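# Structural overview
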Amino acid sequence: MDIITTIKYVFLGLLQGLTEPIPVSSSGHLVIARELFGIEASGLSFEIFLNTASLIAILVVYRKDIISILQNLWRFVFKGARDNDAVTDFKYTICLIIATIPVGVAGLLLKDVIGDNISVGFVGVMLLFTGLALWFIKNKRGEKRDGDITVKDSIIVGLSQCIALTPGISRSGATLVGSIAVGLSQKNALRFVFLLYIPVSLGTALLSVGDIVNDPNMNTLWLAYLLAFIVTVIATYFAVKWLQNVMENGNLIYFAYYCFVLGAFSILYQLIWA
């Protein structure tokens, strides 16, 4: 393993970490980067490996929320607590579970269909769709809070997440659009999006342990994988913090502009250079 190869994989880790939380499609960015830098990473194991790194960072960022929800769930289920916090977090957890079901089912059904044979041009088209979706909800300011989420809202957000199984469609972007479209405030939408990411990513990681362990590149590129993993954790942490600040200032529209530019570039690259 040479130093250039290691640098390339670390760069992919940095790219994953920076783009996973924000609504610009991390999977699409990885497809583009692999094409531009000629990195051969067969299968989805490396991408799932990096997604697991992003999961760790998100767990750290939202650790207080997670602990609070778990404590209130414990009180509701085992202590019989029926105060506002216990009831709200119980309903909130049910909504998270409901929102997770559609993508879980779709992921299992489409596991053998979704692969890494995606062209840069296709990613470009999907990025344009992501940009358009962000554009349409740019001025929407919902008022729903955590306790206002309904089963119907959860189903809509869950279905929107299924769309993100396609490289180039941002998972955080799709679920943000879905959450804001059903009336959640931007702050509460962002919280729901990242808490929803946890069971989906954790389930994907657990189901893919065998693929990651048996990755043919693991024996020769273990150091590159490890460094990429560490970089992804750090980059994801700071990217989430940055996105929180962007959402507070109502600047979601800038991600739409970015998707338009990168999408157009990807399509032109496919037509002219690929």
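Above this text sits the structure in question.
A short tour of the structure in this document, coming up. (Residues numbered from 1 in each chain as written. Predicted model: local features only at pLDDT ≥ 70, side-chain atom pairs only at ≥ 80, totals over all residues. Heavy atoms only, no water.)

Across soluble globular proteins, nonpolar side chains show a tendency to be buried alongside one another. Ranked by internal contacts, the top residues of the largest apolar core, which has 47 residues, are Tyr62, Leu176, Phe192, Leu195, Leu252 and Phe255. Counting residues per element, this core draws most heavily on helix H9 (residues 186–207), at 9 residues. Not counting chain neighbours up to four residues away, the residues in contact with Leu195 comprise Tyr62, Ile66, Ile69, Tyr92 and Leu96. Tyr9, Leu30, Phe46 and Ile48 belong to the second largest nonpolar core, which has 18 residues in total. (Core = buried A, V, L, I, M, F, W, Y, C linked by side-chain atoms within 4.5 Å. Buried < 20%, exposed > 50% of the residue type's maximum accessible area, 1.4 Å probe, protein only. Helix = DSSP H or I, 4+ residues; strand = E, 2+ residues; numbered from the N terminus. Contact = heavy atoms within 4.5 Å.)

We now examine helix H5 (residues 84–109). Taking 1.5 Å per residue as the helical rise, H5 with its 26 residues ought to reach 38 Å, and the 39 Å between its terminal C-alpha atoms agrees with that figure. Helix geometry: H5 is bent most strongly at Ile101, by close to 25 degrees, with proline Pro102 lying one to four residues after it. Looking at where H5 begins, the residue whose side-chain oxygen comes 3.2 Å from the main-chain nitrogen of Asp85 is Asp83. (Expected span 1.5 Å × (residues − 1). Bend = angle between axes of the 7 residues up to and from the residue. Polar contact = N/O pair within 3.5 Å; in protein donor to acceptor, adjacent residues only side chain to side chain.)

What follows deals with helix H6 (residues 120–136). The end-to-end C-alpha separation of H6 is 25 Å, in line with the 24 Å expected for 17 residues at 1.5 Å each. Those residues of H6 not exposed but buried are Val120, Gly121, Val123, Gly124, Met126, Leu127, Thr130, Gly131 and Leu134. Residues of H6 that are buried in the fold lie against helix H2 (26–37), helix H8 (171–181) and helix H12 (253–272).

Relative orientation of the contacting elements helix H1 (residues 3–19) and H2 amounts to 155 degrees, with a least axis distance of 9 Å. Regarding the angle of H1 to H2, the classification is roughly antiparallel. Crossing hand, H1 versus H2: right-handed. Only Ser26, His29, Leu30, Ala33 and Phe37 of H2 make contact with H1, whose side of the interface consists of Lys8, Phe11, Leu12, Leu15, Gln16 and Thr19. (Axes fitted to C-alpha atoms, helices over the stretch in contact; angles between N-to-C directions. Parallel < 35°, antiparallel > 145°, perpendicular 65-115°, else oblique. Left-handed = near helix turned anticlockwise from the far one by under 90°.)

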